[in-house]
Amino acid sequence: MKFTITQSITKLFTVFALSIVTLATSCFTKINEGESVLFTLSIANDATPFVLKRILVAGKEPISEIKFEKGTYHFYPDKGYEKFAYISNHGDLMVNTPFLIEGFKNLTIDGQGSTFIFHGVMIPFFIEKSENISIKNVSIDWHEAFHSEGLIVANDEVNKTFDMQISKEYPYEIRNGQIYFVKEYYEHNLGQTILYDPARKAIAYNTKDYTDISVYTRTKSQNNINKIKYKYDYDKRAPEFKHVGIESRLTFEQLEPGLVRVHGGHKKKMPPLGMILTMKGEQGYNRVSPAFKVSYTNGFNGTNVNVHHAGGMGIIAENSSDLILDNFNIIPSKGRMVSTTADATHFVGCRGKVVLKNCTFNNQLDDATNVHGTYQKVVDILSDSKIGVRMMHHQQKGFVIGQPNDTVGLVRLGESFFPYGKMTIKNIEYLNNRYQIISFNEKLPEDFKVGDLIENLDGYPDLLIQNCKINNNRARGLLISNPVNTIIENNFFSTEMEAILIPVESGHWFESGNAANVIIRNNVFQDCLHGGRNRGVIRFVTDDNNENIAFKNIEISNNIFNQFDNLILEVANTDGITFSGNKITNSGTFPQLYKENPVIKIKSSKHIKFKNNKYSGLVHLDNMLETDQPMSNLKFK
């Protein structure tokens, strides 16, 4: 069946022309200055001290290229370079690295097909305040994973227990009834959990009904806790506060070596037999080792790189520009269900061009990519051109929102998702990881007030995501808050939650950015939302419950949606969206979860156009569309 929906208030808009310059293999022209260094397999047992020794003298003896004889190299933290680092969306900690790339220009690191195996809490590539850095032809893995896995071999709905068979790959011990998985230089408790289906090597169908495992309950004994008062804002979910008022619900019993029974009344259904429960420890403590940390760097290429595992993200990039990932793959190894324990890729406050092409992002425990800025809350007005701001989420600590002459937007989300005013930064005075003082070149507007938010309007990129495969992971495919330009084309998605989520996240994460000029075309969406969430495959949503417009100028065209369930498109707070030339079919892969859903939900939106789409799913024509506004002029063709 072919249908067209028109609305009397709809006006056609001209789809923007988004131009992403054709990129060569590298995003920069390399200047050959310095020595080409070759490391051989003679250092393979622990390459850390040898690599680091050469890098640390690069100021006096410049390096243009580092190559490795093809083979397998181990890296241990014991002789690595240690420094403290705040890392967005990770824990803040003393980090250890063999590749301390600080202040470098025009450096290429070529693994020539090698595998680098890391041990313990390390950041393989720590890249900061550099220009034109290229990493290529290398695979990254960890000897022991930062997560653990247990095969469900028994469950008891009556007594609320289940049994896990835990292989020797995941050593553990039980202390005072609590389980701890012990690794080299690291350990974690049960913490955040999700089920994998070993037959599909993907997140289990409808895992939402079974996980997260209920780890905590409210404390039964307290005294005077409510008398503790805080003068300033505090983050109740930060590690230093999050345990107040809760205690362990579960206890663990070893029935025999490798067989553990979990007691304590998990509140959801008992996990099904044959599924694998993945466990990565407690939120706030379980992101300690991203494979790449890139900050304040202009020009980064990751080419022909495989990240098989990391205790955090594959790459976290902050306040950087022109980042190109080509054949940069996140894929598990050694029979593990999990690759990275957080996002495959993540970009905060990045500008210029961000390109992900020809990549595979599989089995990570969070999104394939997240692109956004940062909202910071105004807590002081110190003069007519100076304010004090607070980093709101505990994983934003230490983040500096911009640099001199960057344009900052003044935001009052209750009134608009777009800035009501703009200022340019004169300088930022860093006092501590939560509080900074920003001076502007201009005077603040008269209606500016404490409680407003600021965002860096220059800290968003031209974004291209092309020819990528995103599947078998927890959470979303793409989470994008980018008001500049975005093209998402020729990709494959099969994700546990939404394939594409375009939000304004102002409540908990304080990730800034709305969205404009977005093209989503020629993609395939296969059985997304199989984890059980009641959401659209493509979803536009805001945290703030109002009718203000947040998203503008959206094109969704010529995509294939082969879904087991009904809801394809969920739109809120949008002005200008064209949904055209798409094909929607029912896959029959899984039982439907939400038969009552329509194909499309729309609220608080205008200038919506649907044309030339083909539908052969299970929804009756009369239930195709749900909207919060009367739509008297509907025509289906």
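Before going into details, it helps to say that this report is about the structure given with it. (Residues numbered from 1 in each chain as written. Predicted model: local features only at pLDDT ≥ 70, side-chain atom pairs only at ≥ 80, totals over all residues. Heavy atoms only, no water.)

Time to look at the overall build of the chain. For the chain, the helix and strand inventory stands at 1 helix and 54 strands. The C-alpha atoms of the chain give 25 Å as radius of gyration, which agrees with the globular expectation for 637 residues (26 Å, within 12%). Its C-alpha atoms give the chain principal-axis dimensions of about 75 × 65 × 60 Å. Taking all 637 residues of the chain together, 59% fall into the buried category. Restricting the contact set of the chain to residue pairs at least 6 apart, pairs at least 24 apart contribute 75%. Surface summary for the chain: the accessible area is close to 25,100 Å², and the carbon and sulfur share equals 48%. Averaging the locations of the 69 positively and 68 negatively charged side chains of the chain gives two centres separated by 3 Å. (Helix = DSSP H or I, 4+ residues; strand = E, 2+ residues; numbered from the N terminus. Rg over C-alpha atoms; globule rule 2.2 N^0.38 Å. Buried < 20%, exposed > 50% of the residue type's maximum accessible area, 1.4 Å probe, protein only. Contact = heavy atoms within 4.5 Å. Areas by Shrake-Rupley, 256 points an atom, 1.4 Å probe, with all protein chains shown as cover. Lys, Arg positive; Asp, Glu negative; His and termini not counted. Charge placed at Lys NZ, Arg CZ, Asp CG, Glu CD.)

On to the sheet that holds strand β16 (residues 193–197). Reading across the sheet, the 7 strands line up as β17-β16-β22-β11-β12-β21-β20 and stay open at both edges, with antiparallel pairing between neighbours. The open sheet has two edge strands with one neighbour each: β17 (202–203) and β20 (251–256). Bridge analysis of β16 against strand β22 (residues 276–279) gives 4 bridges, and the strand direction is antiparallel. If you follow Leu195 over to β22, its bridge partner there is Leu277. (Pairing = 2+ DSSP bridges.)

Taken as a whole and assessed by the stated rule, the structure comprises 0 disulfides. Free cysteine: Cys359, not disulfide-bonded; nearest cysteine sulfur from Cys468 at 4.3 Å. (Disulfide = S-S within 2.5 Å.)

With burial as the criterion, each face of strand β27 (residues 345–348) is covered, one bearing Thr345 and Phe347 and the other bearing His346 and Val348. Pairing of strand β25 (residues 315–318) with β27, which is carried by 4 bridges, proceeds in the parallel orientation. Directly across from Ala317, in β27, lies its bridge partner Phe347. Where β27 meets strand β30 (residues 369–374), 4 bridges bridge the pair, whose relative direction is parallel. Within β30, the residue paired with His346 across the bridge is Asn370.

Turning to the sheet that holds strand β36 (residues 453–456), a few remarks are in order. As summarised here, the arrangement of the 6 strands in space is β31-β32-β35-β34-β33-β36, forming a closed barrel in which the pairing is antiparallel. Strand after strand, the sheet turns through a mean of 50 degrees between neighbouring axes, direction not considered. Bridging between strand β34 (residues 421–430) and strand β35 (residues 435–440) involves 5 bridges; their strand directions are antiparallel. Note that in β35 the partner of Asn427 across the bridge is Ser439. (Axes fitted to C-alpha atoms, helices over the stretch in contact; angles between N-to-C directions.)

The next thing to look at is the nonpolar core. In a soluble, globular protein the nonpolar side chains are often hidden away together inside. If you look at the biggest cluster of nonpolar residues, it comprises 115 residues, and the most contacted ones within it are Phe99, Phe292, Phe300, Ile500, Phe525 and Phe540. Looking at this core, the element that brings in the most residues is strand β10 (residues 131–142), giving 5 residues. Of all hydrophobic cores here, the second largest spans 23 residues; its members include Ile166, Tyr210, Met270 and Leu277. (Core = buried A, V, L, I, M, F, W, Y, C linked by side-chain atoms within 4.5 Å.)

Cis geometry marks the peptide bond from Thr211 to Asp212, where omega comes out at 0 degrees. Considering the arrangement of structural elements, one finds Asp212 in the loop between β17 and β18 (216–218). Unlike most non-glycine residues, Asn517 shows phi in positive territory, near 60 degrees. Here Asn517 lies in strand β44 (residues 515–521). Positive phi, normally seen in glycine, also occurs at Asn612, with a value near 55 degrees. We classify Asn612 as partly exposed; its relative accessible area is 43%.

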